[in-house]
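What the coordinates show
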Amino acid sequence: MVESTADLRVTNARVVTPNGTISGGVAANDGIIVGVGTESNLPEADREIDAEGNYLIPGFIDPHVHWGLSRYEFDYHEGLEHDFETETRGAIHGGVTSVVNFLLQKEPYVPDMDFFKRAGEENSYIDFAYHAIVHQDHHVAEIEDLAEAGIRSYKVFFNWYKNASPELGIDHSDAGGVYKVLDKVSDIPNGVVMFHAENEDLAIERRKELQEEGRNDLEAWSESAPNICEAMQIEQIGRLTEYTDSRAYIVHMSTGEGVDICKRFQEQGVNLHAETLPAFLSHTYEQDDLGVWGKISPPLRGEDSKTRLWEGLRNGVVDYVGTDHCPHKLEFKEKDTGKHGDIWDAIPGDNNGIEYFLPVMMSEGVNKNRISMERLVEVCSTNNAKRWGLYPRKGAIAEGSDADMVIVDLEKSAVVDDDFYHTMEPRYSTFHGEELTGLPTHTIVGGEVAVEDGELLAEPGGQDYLPRGPEGVALE
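All figures in this text were calculated on a predicted structure; none of them were measured in a lab.

The next thing to look at is the overall build of the protein chain. A tally of helices and strands in the protein chain yields 14 helices and 17 strands. Its C-alpha radius of gyration of 21 Å places the protein chain within 12% of the 23 Å reference for a compact globule of 476 residues. With the principal axes as the frame, the protein chain shows a C-alpha extent of 75 × 45 × 45 Å. Residue pairs at least 24 apart in sequence account for 77% of intrachain contacts in the protein chain once pairs closer than 6 positions are excluded. If you sum the accessible surface of the protein chain, you get close to 16,700 Å²; carbon and sulfur atoms cover 43% of it. Counting 40 positive and 88 negative side-chain charges, the protein chain places the centres of these two groups 5 Å from one another.

Counted by the stated rule, this structure contains 15 aromatic pairs. A centroid spacing of 5.1 Å and a plane angle of 85 degrees characterise the contact between Phe 420 and Tyr 421, whose relative ring orientation is edge-to-face. Exposure class is identical for Phe 420 and Tyr 421. Each is buried. Over the aromatic face of Phe 102 sits the side chain of Lys 155, whose NZ or CZ is 4.5 Å from the ring centroid.

Right, let's talk about the sheet that holds strand β11 (residues 248–250) for a bit. Read from one edge to the other, the open sheet built from 8 strands follows the order β6-β7-β8-β9-β10-β11-β12-β13, with strand pairing classed as parallel. Looking along the sheet, the strands with just one partner apiece sit at the ends: β6 (60–65) and β13 (320–321). Across 3 bridges, the pairing between strand β10 (residues 192–197) and β11 is parallel. Following the sheet pairing, Met 194 is matched in β11 by Tyr 249. Helix α1 (residues 76–94) contacts β7 (96–103) and β8 (127–133) of the sheet and is inclined by roughly 155 degrees relative to β7.

Next up on the list: helix α6 (residues 200–212). Taking 1.5 Å per residue as the helical rise, α6 with its 13 residues ought to reach 18 Å, and the 18 Å between its terminal C-alpha atoms agrees with that figure. Capping the start of α6 is the job of one residue whose side-chain oxygen sits 3.1 Å from the backbone nitrogen of Asp 201: Asn 199. One or two positions beyond α6, positive phi appears at Gly 214, with a value near 80 degrees.

The subject of this paragraph is the domain arrangement of the protein chain. Each domain of the protein chain was delimited in the assignment, giving domain 1 (6–57 + 401–456) and domain 2 (59–388). Computed from C-alpha coordinates alone, the two centres of domain 1 and domain 2 are separated by 27 Å. Taken together, the contact between domain 1 and domain 2 spans 37 residues of the former and 48 residues of the latter. Summing both sides of the interface, domain 1 and domain 2 together bury roughly 3,500 Å²; the carbon and sulfur share of this comes to 67%. Here domain 1 and domain 2 share 16 residue pairs in polar contact (both at pLDDT 80 or more) between them. Among the elements of the structure, β5 (55–58), β14 (405–415), β15 (435–445) and β16 (448–452) are those that each provide at least two residues to the side of domain 1 that touches domain 2. Ranked by residue count, the leading element in the side of domain 1 that touches domain 2 is β15, at 9 residues. Its residues assigned to classes, the side of domain 1 that touches domain 2 comprises 21 nonpolar, 10 polar and 6 charged.

What counts and how
- Residues numbered from 1 in each chain as written.
- Predicted model: local features only at pLDDT ≥ 70, side-chain atom pairs only at ≥ 80, totals over all residues.
- Heavy atoms only, no water.
- Helix = DSSP H or I, 4+ residues; strand = E, 2+ residues; numbered from the N terminus.
- Rg over C-alpha atoms; globule rule 2.2 N^0.38 Å.
- Contact = heavy atoms within 4.5 Å.
- Areas by Shrake-Rupley, 256 points an atom, 1.4 Å probe, with all protein chains shown as cover.
- Lys, Arg positive; Asp, Glu negative; His and termini not counted.
- Charge placed at Lys NZ, Arg CZ, Asp CG, Glu CD.
- Phe/Tyr/Trp six-rings, centres within 6.5 Å; stacked < 30°, edge-to-face > 60°.
- Buried < 20%, exposed > 50% of the residue type's maximum accessible area, 1.4 Å probe, protein only.
- Lys NZ or Arg CZ within 6 Å of the ring centre and 35° of its normal.
- Pairing = 2+ DSSP bridges.
- Axes fitted to C-alpha atoms, helices over the stretch in contact; angles between N-to-C directions.
- Expected span 1.5 Å × (residues − 1).
- Polar contact = N/O pair within 3.5 Å; in protein donor to acceptor, adjacent residues only side chain to side chain.
- Domains from an automatic or database assignment.
- Buried area = accessible area lost by both parts, 1.4 Å probe.
- Nonpolar A, V, L, I, M, F, W, Y, C, P; charged D, E, K, R; others polar.

This is how it looks when you write it as structure tokens:
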């Protein structure tokens, strides 16, 4: 037995490492992994957790959340502070140990960077980084300064939100604006342009037609932004990315057509990659019981797209999964018209995504043999860390990496109800009423047990902002 002492040791686990799954355990000291292997090769520790033969994986990294989005209850800065506490509390219950949040305001971002760092450092349960939504000319002008502040990913709405949900305060971009951002970011080391890819010129006409027909159902919302809306924009993004020799990332890709287009550009050597969401991997527009809770932008699709997205995850065309977690209070989501109220007026976006992220991917993916545990860890943790400059500090169970880990019991199940979640109240999501199998038993953040068998053991605050330099985030 090695004589050195660690703070924590997890034993009797199936440990998913970058080199494969091993039987053994992990030791951590001062928040850093100091040993991975068989128990006999691990140092003794102040505390030992018996994983009981369950999987030990790196904590999930959610690359796509929108804290502070609701303008109904708080101004943006107040909402950001509020959501960091409530939503990352849900994150650790669900096995997510790092998050990348989208900044969204009309004002320039750089003057507020000290606040953005402090908002997370003082209120979050987990380490965090930022993307910036560049929807004003002055945002584009400050891209280089944002890179210096550690933000190297910039989101563009192409050309969605010309008409939809003006209360969200998001301005769209046309092809000329997309060109300017891609061209500028091509000179930023490890810079990435992220795209909400939907064509609203077509969608607004379909929306008018459906409303004139008196339609007010979830399927109508999907028909109002058909698959071609996403396909049209991804095609343009791929061509513009090739033209500028830049790097592009499609957020929340929802269609099988999108998988085909991305595959074609990737085979041509274009740096075009895509993320999808648990909701698109689990739900379709045929589920009428979802009501306005199922109103997501882009909308839920049919069974064919769901199947093709899973195929894309398995074969490497789709390399990332996030949640697009939008924490709206229920009354604001529904606009006080109820779950089966006005589909056109309700706010688009899913709720509580960060907490159901791991359980859904285990239940719908690993337990239904749609994806291996090793590939799941890649697309939900390791690849997200690599794409956003957090690897190998995050996203891996390896010596020197942060001790952010989750023990997962693939046989543990729960019905998603009001008590399933630990985020802001009231709690709701597209998975309400469903049984999920494959849940975390322990979430370890920075070498400390944050949640054990559903019991919260951590306090908010004291977490790190993760500024991404040209070579990413340095190991501590």
